[in-house]
Amino acid sequence: MTTLERERPSNVKRTSDSSIQPCTLVIFGGSGDLTRRKLFPAVYNLILDGLLPENYAVVGIGRKTWSHEDFRHVAKESIEKFSRQAFQQGPWEEFARRLHYVRGSINDSTLYQELRSRIENVETQFDLPGHRIFYLAIPPTSFATACQGLEQAGLIVPPDRADRASRVIVEKPIGHDLASAKAVNATIAEVFDESQIYRIDHYLGKETVQNIMVLRFANSIFEPIWNHKYIDHVQITVSEEEGIGTRAPYYEEAGALRDMVQNHILQLLSLIAMEPPYSLDSDVVRDARMEVLRCLHPIRGKDVEQTTVRAQYSHGTLNDQDVPGYRREEGVRPDSTIETYVALKCRVENWRWSGVPFYLRTGKAMPRRASEIAVQFKDIPEILFNADPAARQAPNLLTLRIQPQEGMALRIMSKIPRSRARTHPVEMNFNYGDAFSAPSPEAYERLLLDVMAGDASLFMRRDAVEASWTWVTDILEGWKAHGSRWLPEYSAGTWGPVEADKLIESDGRTWRLV
Ligand code: BG6
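Throughout what follows, the structure given in this document is the object of discussion. (Residues numbered from 1 in each chain as written. Predicted model: local features only at pLDDT ≥ 70, side-chain atom pairs only at ≥ 80, totals over all residues. Heavy atoms only, no water.)

### Here's the deal with the overall build of the protein chain
Reasoning step 1: The helix and strand inventory of the protein chain stands at 16 helices and 17 strands.
Reasoning step 2: Taken over the C-alpha atoms alone, the protein chain extends approximately 80 × 50 × 45 Å along its principal axes.
Reasoning step 3: Across the 514 residues in the protein chain, those meeting the buried criterion constitute 54%.
Reasoning step 4: Pairs at least 24 residues apart make up 77% of the contacts formed inside the protein chain by residues separated by at least 6 positions.
Reasoning step 5: Of the roughly 23,100 Å² of accessible surface on the protein chain, a fraction of 50% belongs to carbon and sulfur atoms. (Helix = DSSP H or I, 4+ residues; strand = E, 2+ residues; numbered from the N terminus. Buried < 20%, exposed > 50% of the residue type's maximum accessible area, 1.4 Å probe, protein only. Contact = heavy atoms within 4.5 Å. Areas by Shrake-Rupley, 256 points an atom, 1.4 Å probe, with all protein chains shown as cover.)

Written out as structure tokens, the structure reads:
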């Protein structure tokens, strides 16, 4: 069964799903930030929603000298702080019993023997059949050691075993360019078969992102006009208010293009631009997304300068607070040339999208947190209501709001009451919150559940990761050739540099106010 077939309205509680197997979730990086902020709360919410199988266990691995009790204490604190649903003592006690901790360094071979006996113990204690999910919430430089340690300890079974499954979940960054991404993928492939590897792009776990396929292929009215004949252009915006917080060491090596475009934004683009898959089978859906990446026109040579803008935020004001420039953030080099903003114009070179530009932009320290996709339709003919060049009608616009205020809006023109023929743009609005009573689950809830069910639809396949790095690496190389001279600034709390406005305005279009 695939992700989409398992879907129910979000206000309907699902109590059991036979495709979700009892398992042991083993988390490398068990004492780390991702586990506290995302993984503990995700598992806990799955329990509250009755979505986990009755039998499961979680084994965390970390370098901190913690007991099982310390691990449980941290889990409780993180649930109280980050859980979507309120803390409840009963379910928590049941969860706590199933939480175990193994202390050790990934580089120490004795860790894997200890891990093996701990896993076998919990499997006996909770009557688990031996399905294991290994979550690598650790830097990619440690992937090889962890995978080899698991294999040598006999903790992984081959993919064709019907009675037991071994799966691995990998977090980004998967490389920092094409060559390194290939190396990371090759390392994991030495131990795990591609069918056992689940590469997370948490944007694919967001409800509103999954809804893109439903919108396009579960309604008959959009698909006939979803092409170059009717669509003028598409804008994808992911703006964030935050700066980089405590992540300077990572961000200084990454920048906005690697951090957001290579993965999340290209996945949004793939969903918007893909051809209808012939089934909901995970590889069929992933093939369709992959095709879009293959059709991306490479941005090389002069195109880099003409169709991309990178920028860094300088000192500014956001929500009435003074925000220091990026170079003043803790851990950032005072002469850093890393971009915190990127805007691009790209093309999907196939029949459907011929001549339709896709404008992508993302940035930190922007005025508002908002992710949206705006599909702008072509102007109506210049007769009737559009006859007067001084009073052009606003074109139809379909806006998919990924976050916040998840939903969608369709802008249409309407007659102003009592006027003879004066028009005004109005919006038809759909809000998730109004239509479905329960709040949407967090992306990690959905993604963990899918791994337990062996459904890889919402995960990145190796070829897709490498295809998106191929496209992004061309741009990175173009930027490198320009050196650090080329880095406009934008004040924190503004919508990016003027260069980004010029990029789109030179085509006679403007960025949407999100
Ligand atoms: C992460 C990036 O993948 O996504 C972060 O590394 C970014 O820099 C985050 O802030 C955005 O995710 P979301 O779900 O908050 O939009």
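### A look at the nonpolar core
Reasoning step 1: The biggest cluster of nonpolar side chains holds 156 residues, and the ones touching the most others in it are F28, F95 and F358.
Reasoning step 2: Counting residues per element, this core draws most heavily on helix α10 (residues 256-273), which supplies eleven residues. (Core = buried A, V, L, I, M, F, W, Y, C linked by side-chain atoms within 4.5 Å.)

### Quick word on the site of the ligand
Reasoning step 1: Taken together, the neighbourhood of the ligand is formed by K172, H202, Y203, K206, E240, R247, D259, M260, H264, K364, R369 and Q403.
Reasoning step 2: In this structure, R247 approaches the ligand through a side-chain N or O atom, which is 2.7 Å from an oxygen atom.
Reasoning step 3: For the ligand, the protein covers 80% of the area, taking 390 Å² as the surface of the free molecule.
Reasoning step 4: The dominant element in the shell around the ligand, judged by the number of residues it contributes, is α10, at three residues.
Reasoning step 5: For the shell around the ligand, the per-class residue count stands at two nonpolar, three polar and seven charged. (Near = heavy atom within 4 Å. Polar contact = N/O pair within 3.5 Å; in protein donor to acceptor, adjacent residues only side chain to side chain. Nonpolar A, V, L, I, M, F, W, Y, C, P; charged D, E, K, R; others polar.)

### Section: a nonpolar patch on the surface
Reasoning step 1: A surface patch of nonpolar side chains, amounting to about 440 Å² of accessible area, comprises I380, I383, L384 and F385.
Reasoning step 2: Mapped onto the fold, I380 is located in the loop between β13 (370-377) and β14 (397-403). (Patch = residues over 30% accessible without salt bridge, like charges linked within 9 Å, V, L, I, M, F, W, Y side chains within 5 Å. Salt bridge = Lys/Arg side-chain N within 4 Å of Asp/Glu carboxyl O.)

### Regarding the sheet that holds β14
Reasoning step 1: One open sheet accounts for nine strands, arranged β16-β15-β14-β13-β7-β12-β11-β8-β17; its pairing is mixed. The strands lining the two open edges of the sheet, one partner per strand, are β16 (423-431) and β17 (489-491). Ignoring strand direction, the axes of neighbouring strands in this sheet form an average angle of 20 degrees.
Reasoning step 2: With three bridges joining them, strand β8 (residues 308-314) and β17 adopt parallel strand pairing. Across the sheet, the residue bridging to Y313 is Y490, located in β17.
Reasoning step 3: In the packing of α10 onto the sheet, the strands contacted are β7 (231-239), β11 (341-347), β12 (357-363), β13 and β14, and the crossing angle to β12 comes to about 140 degrees. (Pairing = 2+ DSSP bridges. Axes fitted to C-alpha atoms, helices over the stretch in contact; angles between N-to-C directions.)

### Focus on the packing of α10 against helix α11 (residues 282-295)
In a pair of packed helices, the angle between the axes and the distance between the axes together describe the arrangement.
Reasoning step 1: Two elements in contact, α10 and α11, have axes whose closest approach is 8 Å; the angle formed by their N-to-C orientations is 105 degrees. Considering the angle they form, α10 stands roughly perpendicular to α11. Residues L266, Q267, L269, S270, L271 and A273 of α10 form the contact with α11, whose participating residues are R289, V292 and L293. (Parallel < 35°, antiparallel > 145°, perpendicular 65-115°, else oblique.)

### As for the environment of R72
Reasoning step 1: By secondary structure assignment, the location of R72 is in helix α3 (residues 68-82).
Reasoning step 2: Of the residues examined, R72 reaches a relative accessible area of 14% and is grouped as buried.
Reasoning step 3: In this structure the C-alpha to C-alpha distance between R72 and H100, which are 28 residues apart in sequence, comes to 7.8 Å.
Reasoning step 4: Once residues within four sequence positions are removed from consideration, R72 is found in contact with W92, A96, R97, L99 and H100.
Reasoning step 5: Only 2.8 Å separates the side chain of R72 from the side chain of E69, close enough to count as a polar contact.

### What to know about the pattern of salt bridges
A side chain of one charge can pair with a side chain of the opposite charge if their charged atoms are brought near each other.
Reasoning step 1: Overall, the coordinates contain 34 salt bridges when judged by the stated rule.
Reasoning step 2: The shortest N-O distance in the salt bridge between D163 and R161 comes to 2.8 Å.

### Looking at the packing of α10 against helix α15 (residues 462-482)
Reasoning step 1: The contact between α10 and α15 brings their axes to 10 Å, and the two run at 145 degrees. The chirality of how α10 crosses α15 is right-handed. Every residue of α15 that contacts α10 at L257, R258, V261, Q262 and L266 is listed here: V465, S468, W469, W471, V472, I475, L476 and W479.
Reasoning step 2: Taken together, the residues of the contact of α10 with α15 sort by class into ten nonpolar, two polar and one charged. (Left-handed = near helix turned anticlockwise from the far one by under 90°.)

### Quick word on helix α4 (residues 89-97)
Reasoning step 1: The complete set of buried residues in α4 reads W92, F95 and A96. Each buried residue of α4 lies within a common arc of 100 degrees when the element is viewed along its axis, so the set occupies one face.
Reasoning step 2: Elements in contact with the buried residues of α4: α2 (33-48), β2 (56-62), α3 and β3 (99-103). (Arc of directions from axis to C-beta.)

### Describing the pairing of β13
Reasoning step 1: Counting buried residues in β13 gives eight out of eight residues, a clear majority hidden from the surface.
Reasoning step 2: The two faces of β13 match: A370, E372, A374 and Q376 on one face and S371, I373, V375 and F377 on the other face are all buried.
Reasoning step 3: Across eight bridges, the pairing between β7 and β13 is antiparallel. Bridge pairing in β13 places Q235 opposite A374.
Reasoning step 4: Pairing of β13 with β14, which is carried by six bridges, proceeds in the antiparallel orientation. Residue pairing in the sheet places V375 in a bridge with L398 of β14.

### A closer look at the packing of aromatic side chains
Reasoning step 1: Taken as a whole, this structure holds 19 aromatic pairs when the rule is applied.
Reasoning step 2: Taking the centre distance of 5.3 Å and the plane angle of 65 degrees together, the rings of F40 and F71 count as edge-to-face. Of this pair, F40 sits in helix α2 while F71 sits in helix α3, placing them 31 residues apart in sequence. Pair check on accessibility: F40 and F71 agree, each one buried.
Reasoning step 3: With a centroid separation of 6.4 Å and 40 degrees between ring planes, the pair formed by W66 and F71 is classed as tilted. When sorted by exposure, W66 lands in the same class as F71, which is buried.
Reasoning step 4: Ring pairing ties together the aromatic residues Y44, Y56, F87, W92 and F95, which thus form one cluster.
Reasoning step 5: Of note, R98 hangs over the ring of Y56, and the distance from its end group to the ring centre comes to 4.9 Å.
Reasoning step 6: Note that R310 overlies the ring of W479, its terminal NZ or CZ placed 4.8 Å from the centroid. (Phe/Tyr/Trp six-rings, centres within 6.5 Å; stacked < 30°, edge-to-face > 60°. Lys NZ or Arg CZ within 6 Å of the ring centre and 35° of its normal.)

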